[in-house]
Amino acid sequence: MKAAVFREVGKPLEIEDVQISKPGPREVLVRTAAAGVCHSDLHFVEGLYPAKLPIVLGHESAGIVEQVGDQVTYVKKGDHVITCLSAFCGECEYCLTGHMSLCDNPDLQRRADEEPRLAKGGAPMTQFANLSSYAEMMLVHEHALVKVREDMPLDRAALIGCGVMTGVGAVFHTAKVEPGMDVAIIGCGGVGLSAVNGAAIAGAGRIIAIDTVGSKLNLAKEFGATHVIDATEQDMVGEVRELTGGGVHHAIECIGLKATSENAFRMIRPGGTATIVGMVPVGTKIELHGPEFLREKRIQGSTMGSNRFRVDMPRLVDFYLNGKLRLDEMISQRIELKDINQAFDDMKSGSVARSVIMF
């Protein structure tokens, strides 16, 4: 099969022929239909997060089940599925206490003495996030999949697999935004726009979108933002405090930078919460003014929207088909696998919300 292979930090991905194994017990072979180009993958390409190379990246995807292995009971050939990088084991403390997105049970992967899922010329290749969706096929554990209704377009379904679930879930599950609360979202890429959309669905009062790109701020208005702040021209913290009379109940950071994470904490009101969704680079330290904690201000992280994806993703599909979740507007361009490197360049330029690879 064709796959986009990452072999060296800072170098373009290469389209190569890669061998994929047959499904073993509890494994499912999926024909990839669509894969979103997510900023998380770019972090690895740029060396901000470590990875064992060579690796096939990609994790925001949807497809159709091609074949199932022994003991698979959840899906069958022909089912439409969304993948999720936060696969669950169903047995650990995290899963049993409802924190499935934190599960890291290694039993979902093949053992070192087994045939690798991905290889080239007999040499194993690393599977990214148990998925590797920048490829024509994916071989995954059945606990990394959720079935969805067949009338859901798979290019839009792919977005739910990471960016949308991360943004909407951060609002619903991690921050637990209540009707009438004021919310600020820093960063209006795919995750940030989803957070804006989620805040609107949750019934938030003021929804303040912050970015440095005017086109993204215009999109944020379509997704439900009541106010926008251009951070190139305005002091985001001062503007938020002025708009809200002292700060927001929730600030949701969707970029992953030291400065914006610190600003998220600075713009919340006493008793407010800053939720860091963006992938802050390894080794980066966040500095906060200690006395602020005496005002019961909080800061927390969020992984994949604190999801229970087999429950949440079908609901998000219904939200889309009922007109509540905006996915059509998020897709800036549909591309081929060979265009992956240009898609990363477009992402870095800020000119797109989401590029989607169509197979």
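Attention in this report is confined to the structure presented alongside it. (Residues numbered from 1 in each chain as written. Predicted model: local features only at pLDDT ≥ 70, side-chain atom pairs only at ≥ 80, totals over all residues. Heavy atoms only, no water.)

1. A word on the nonpolar core
For the record, the criterion: Buried Ala, Val, Leu, Ile, Met, Phe, Trp, Tyr and Cys residues that are joined via side-chain atoms within 4.5 Å together make up what is termed a nonpolar core. The rule is simple: take the accessible area with a 1.4 Å probe, protein chains only, and divide by the maximum for that residue type; under 20% is buried, over 50% is exposed, in between is partly exposed. For helices the rule is a DSSP run of H or I covering at least 4 residues; for strands it is a run of E covering at least 2, with both sets numbered from the N terminus onward. The contact rule is simple, with two residues in contact once any of their heavy atoms fall within 4.5 Å.
Grouped together as the largest cluster of nonpolar side chains are 61 residues, with contacts concentrated most on Ile82, Ile160, Val164, Val177, Ile185, Leu193 and Met313. Among the elements of the structure, strand S4 (27–36), helix H3 (154–175), strand S13 (183–186), helix H4 (190–202), strand S14 (207–211), helix H5 (214–223) and helix H8 (309–321) are those that each provide at least two residues to this core. Broken down by element, the residue count for this core peaks at 12 residues, all from H3. Not counting residues within four places of it along the chain, the set of residues in contact with methionine 313 comprises Ile82, Thr83, Cys84, Val146, Ile160, Gly161 and Met165. Ala4, Leu337, Ile340 and Met347 belong to the second-largest nonpolar core, a separate cluster that totals 19 residues.

2. Some points on the pattern of salt bridges
Defined as follows: For salt bridges, the criterion is a side-chain nitrogen of Lys or Arg within 4 Å of an Asp or Glu carboxyl oxygen.
In the structure shown here, the tally under the stated rule is 25 salt bridges. The shortest N-O distance in the salt bridge between glutamate 16 and arginine 7 comes to 2.8 Å. The exposure class of arginine 7 is partly exposed, given its relative accessible area of 36%. What emerges from the salt-bridge pattern is a single network uniting Asp155, Arg156, Asp328 and Arg334.

3. Topic: the packing of H4 against H5
Selection rule: In this analysis, axes come from line fits to C-alpha atoms, helices being fitted only over the stretch in contact, and the angle between any two N-to-C directions falls in the range 0 to 180 degrees. Orientation labels follow simple angle bins: below 35 degrees gives roughly parallel, above 145 gives roughly antiparallel, 65 to 115 gives roughly perpendicular, and whatever is left gives oblique. When the near helix sits turned anticlockwise from the far one by under a right angle, the crossing is termed left-handed; a clockwise turn instead gives a right-handed crossing. Residue type decides the class: Asp, Glu, Lys and Arg count as charged, Ala, Val, Leu, Ile, Met, Phe, Trp, Tyr, Cys and Pro as nonpolar, and the leftover types, Gly among them, as polar.
Look at H4 against H5: their axes get within 9 Å of each other, and the N-to-C directions meet at 25°. Classified by the angle between their axes, H4 and H5 sit roughly parallel to one another. The interaxial crossing formed by H4 with H5 has right-handed handedness. Between H4 and H5, the residues in contact are Leu193, Val196, Asn197 and Ala200 and Lys216, Leu219, Ala220 and Phe223, respectively. Grouping the constituent residues of the contact of H4 with H5 by class yields 6 nonpolar, 1 polar and 1 charged.

4. Considerations on helix H6 (residues 236–244)
What counts, and what does not: This arc describes the spread of directions from the helix axis toward the C-beta atoms.
Within the span of H6, buried status applies to Met236, Val237, Val240 and Thr244. Along the axis of H6, the buried residues cluster in a sector spanning 100°; they form a single face. Of the surrounding elements, those touching the buried residues of H6 are S13, S14, strand S15 (227–230), strand S16 (248–253), helix H7 (258–266) and strand S17 (268–276). Glycine 245 sits one or two residues past H6 and shows a positive phi near 70°.

5. Some thoughts on H4
Put simply, the rule is: The span one expects for a helix is its residue count, reduced by one, times 1.5 Å.
The terminal C-alpha atoms of H4, which comprises 13 residues, lie 18 Å apart, in line with the 18 Å expected from a rise of 1.5 Å per residue. Burial analysis of H4 places 11 of its 13 residues in the buried class, which makes it a mostly covered element. Listed as buried for H4 are Gly190, Val191, Gly192, Leu193, Ser194, Ala195, Val196, Asn197, Gly198, Ala199 and Ala202. For H4, the secondary structure elements touched by its buried residues are H3, S13, S14, H5 and strand S20 (354–358). One or two positions beyond H4, positive phi appears at glycine 203, with a value near 85°.

Keep in mind these values describe shape, not function.
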